[in-house]
Amino acid sequence: DAGVTQSPTHLIKTRGQQVTLRCSPISGHKSVSWYQQVLGQGPQFIFQYYEKEERGRGNFPDRFSARQFPNYSSELNVNALLLGDSALYLCASSLGTGSYSYNSPLHFGNGTRLTVT
Amino acid sequence: AQSVTQLDSHVSVSEGTPVLLRCNYSSSYSPSLFWYVQHPNKGLQLLLKYTSAATLVKGINGFEAEFKKSETSFHLTKPSAHMSDAAEYFCVVSDSRTGGYNKLIFGAGTRLAVHP
């Protein structure tokens, strides 16, 4: 079975530009989450989408946005890129079946490495 | 609010010796706890999870962790280290609420080095 797939694997952008990252969840998984991992730190929660609705948002500015499509794939958009946005962006999927979502572990993709120059 | 503290940023062991990676948590209610491993330039792989069943949790690749409520700890152990265990390890607590919300809160990570 295919795992969580993310594209592209690497990306280089200039300050002020916009970027779109893509994620395809494991088949059957309805929840997609996005995490930012700055070098040397643990991942930080950005968003969770479940059944195409935003279910949670971390402490990130409005420059960060996301959406989930009817096939449960997802896109993360970042506008007006800053040098500090350079990081590994991880997508994770889970069954996320309602109130039992805490028992549904997240399965992570290999991430998109974003470098902002 | 939930949080985790990984007590060691770096741990170095010799191949064949035991591994101990320490984690303390803070949670206002019975937590769900996880250990994830990240190999260089890879995503995160789930090693094991605790969700209020048995306090001793067995995971993949010979790892296990013990949930100790009185000590608010969830330390990760392995009896005998292998060279392939060298990686970054994250202790994680889940902040979950009804309605499909499931946010993971990661510790800062422990880098495990294994020497021949």
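Just above, that's the structure.
It should be emphasised that the depicted structure is a prediction, and the values quoted were computed from it without experimental measurement.

Quick notes on the rules
- In this numbering scheme, every chain counts its residues from 1 along its sequence in written order.
- To label them, take the chains in the order written and letter them from A, then take the ligands in the order written and number them from 1.
- Under the rules for a predicted model, residues below a pLDDT of 70 receive no local features and side-chain atom pairs below 80 are neither given nor counted, while totals for whole chains, interfaces and linings still include all residues.
- Values reported for side chains reflect all heavy atoms of the structure, with hydrogen atoms and water molecules removed beforehand.
- Joining through side-chain atoms within 4.5 Å is the link that ties buried Ala, Val, Leu, Ile, Met, Phe, Trp, Tyr and Cys residues into a set, and such a set is a nonpolar core.
- For each residue, the accessible area found with a 1.4 Å probe, counting protein chains only, is set against the maximum for its type, and the residue is called buried under 20%, exposed over 50%, and partly exposed in between.
- A run of H or I in DSSP counts as a helix once it spans at least four residues, and a run of E counts as a strand once it spans at least two, with each numbered from the N terminus.
- Contacts between residues were defined by any pair of non-hydrogen atoms, one from each residue, lying within 4.5 Å.
- Pairing between strands is defined by DSSP: at least two bridges between them are needed.
- Convention adopted: a line fitted to C-alpha atoms gives each axis, helices being fitted over their contacting stretch, and angles between N-to-C directions are expressed from 0 to 180 degrees.
- Salt bridge, as applied in this entry: a Lys or Arg side-chain nitrogen positioned within 4 Å of an Asp or Glu carboxyl oxygen.

(A) A look at the nonpolar core. Judged by nonpolar contacts, the single largest core of 27 residues is most densely connected at B:Trp35, B:Phe74, B:Leu76 and B:Tyr89. Sorting elements by how many residues they give to this core places strand β10 (residues 87-97) of chain B first, with 4 residues. When neighbours within four sequence positions are excluded, B:Leu76 is seen to be in contact with B:Val19, B:Leu20, B:Leu21, B:Trp35, B:Leu47, B:Leu48, B:Phe63, B:Glu64, B:Ala65 and B:Tyr89. Counting residues in hydrophobic clusters, the runner-up holds 22 residues, among them A:Val19, A:Phe60, A:Cys91 and A:Val116.

(B) Representation of the pairing of strand β12 (residues 110-115) of chain B within the structure. Residue and element names in this part refer to chain B. Of the two faces of β12, the one lined by Thr110, Leu112 and Val114 is fully buried and the one lined by Arg111, Ala113 and His115 carries no buried residue. Of the strand pairs in this sheet, strand β2 (residues 10-14) and β12 are connected by 5 bridges, and their pairing is parallel. Counted as the bridge partner of Val13 is Val114 from β12.

(C) View of the sheet that holds strand β8 (residues 74-78) of chain A. Residue and element names in this part refer to chain A. Spatially, β1-β3-β8-β7 is the arrangement adopted by the 4 strands of the open sheet, whose pairing is antiparallel. Single-partner strands in this sheet number two, and they are β1 (5-7) and β7 (64-68). Each neighbouring strand pair of the sheet contributes to a mean axis angle of 15 degrees, computed without reference to strand direction. Relative to β8, strand β3 (residues 19-24) is paired through 5 bridges, and the arrangement is antiparallel. Note on β8: the bridge partner recorded for Arg22 is Glu75.

(D) Representation of the pattern of salt bridges. Applying the stated criterion across every chain, the model contains 10 salt bridges over all chains. The salt bridge involving A:Asp62 is made with A:Arg57; its shortest N-O contact spans 3.6 Å. One salt bridge in this structure joins B:Lys58 and B:Glu64, with 2.8 Å as the shortest N-O distance. Residue classification places B:Glu64 among the partly exposed positions, given a relative accessible area of 22%.

(E) Summary view of unusual backbone geometry. Note that the residue after A:Ser7, namely A:Pro8, is joined by a cis bond; omega there is -10 degrees. Tracing the chain through its elements places A:Pro8 in the loop between β1 and β2 (10-13). Positioned with a positive phi, B:Asn61 is a non-glycine residue whose angle comes to about 60 degrees.

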